[in-house]
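One letter stands for each residue in the lines below.
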Amino acid sequence: TGQFSQGVRSVGQVGDREIPVDVYQRTLDRLIGFYAQQFGTRLTVEQSQLFQIPQQALATVVAQAALDNENDRLGISVGDAEVSREVQQTPDFRGAGGVFDPQVYTSVLQRSGFDPAQFEGRLRDQLARDILERALNAGVDVPQAATDSLLEYAMSTRDVSILRIGSPQLDSPV
């Protein structure tokens, strides 16, 4: 966890959608936690690489960005009322009385490294992705351009190059 330097802001881009480093890192952490729970032990870096967990995390965030990009293109979004309803129904944000508590909400978000606007923006994207995924899975007529775009993306191959740059290779400090 926390593998990326402060200067790197994204791990890639799909269409107009950037993939922020923190989204990739959270996905990677979640997957590592899942595998650790399955095996009952903490995974080493070598084990994570053996199970291709970094590649799984990258594939996940790229697929999400592709859906987000397609939602942007198609104009699929979720309104404030739906986001608010989802926030208020989240068990983690309930207080002692079992109902939504704004102080608990803010506290949980702060501990997770989010502010409300950032969390709600990501929740809005997730809810919109869910709409598109349900439409695709339910056989609802989706515009042919959307189907073609998603199919083309799913069937394409990707090449990734990683270039590590250290202080000696830079002309001036960053």
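Everything here concerns the structure above.
Residues numbered from 1 in each chain as written. Predicted model: local features only at pLDDT ≥ 70, side-chain atom pairs only at ≥ 80, totals over all residues. Heavy atoms only, no water.

Visitor: Is there a simple way to explain helix α6 (residues 116-138) in this structure?
Guide: One full turn of an α-helix is made of 3.6 residues, so residues set three or four places apart face in the same direction. The end-to-end C-alpha separation of α6 is 32 Å, in line with the 33 Å expected for 23 residues at 1.5 Å each. Those residues of α6 that sit buried are Phe119, Leu123, Leu127, Ala128, Arg129, Leu132 and Ala135. With a side-chain oxygen positioned 3.1 Å from the backbone nitrogen of Ala117, the residue opening α6 is Asp115. Where α6 ends, the next residue or the one after it, Gly139, has phi of about 80°, a positive value. (Helix = DSSP H or I, 4+ residues; strand = E, 2+ residues; numbered from the N terminus. Expected span 1.5 Å × (residues − 1). Buried < 20%, exposed > 50% of the residue type's maximum accessible area, 1.4 Å probe, protein only. Polar contact = N/O pair within 3.5 Å; in protein donor to acceptor, adjacent residues only side chain to side chain.)

Visitor: I keep staring at the packing of aromatic side chains and nothing clicks. Help me out?
Guide: Here the distance between the centres and the angle between the planes together describe a pair of aromatic rings. Using the criterion set out here, one finds 9 aromatic pairs in the structure. When the centroid spacing of 5.6 Å and the interplanar angle of 85° are considered together, the rings of Phe34 and Tyr35 count as edge-to-face. A relative accessible area of 43% means that Phe34 is categorised as partly exposed. According to the relative accessible area criterion, Tyr35 is buried, its value standing at 17%. Here the aromatic rings of Phe100 and Tyr105 are separated by 5.6 Å at their centres, their planes lie at 55°, and the arrangement is tilted. Taking the relative accessible area as the measure of exposure, Phe100 reaches 23% and is therefore partly exposed. Aromatic rings pair up to connect Phe93, Phe100, Tyr105, Phe114 and Phe119 into one cluster. (Phe/Tyr/Trp six-rings, centres within 6.5 Å; stacked < 30°, edge-to-face > 60°.)

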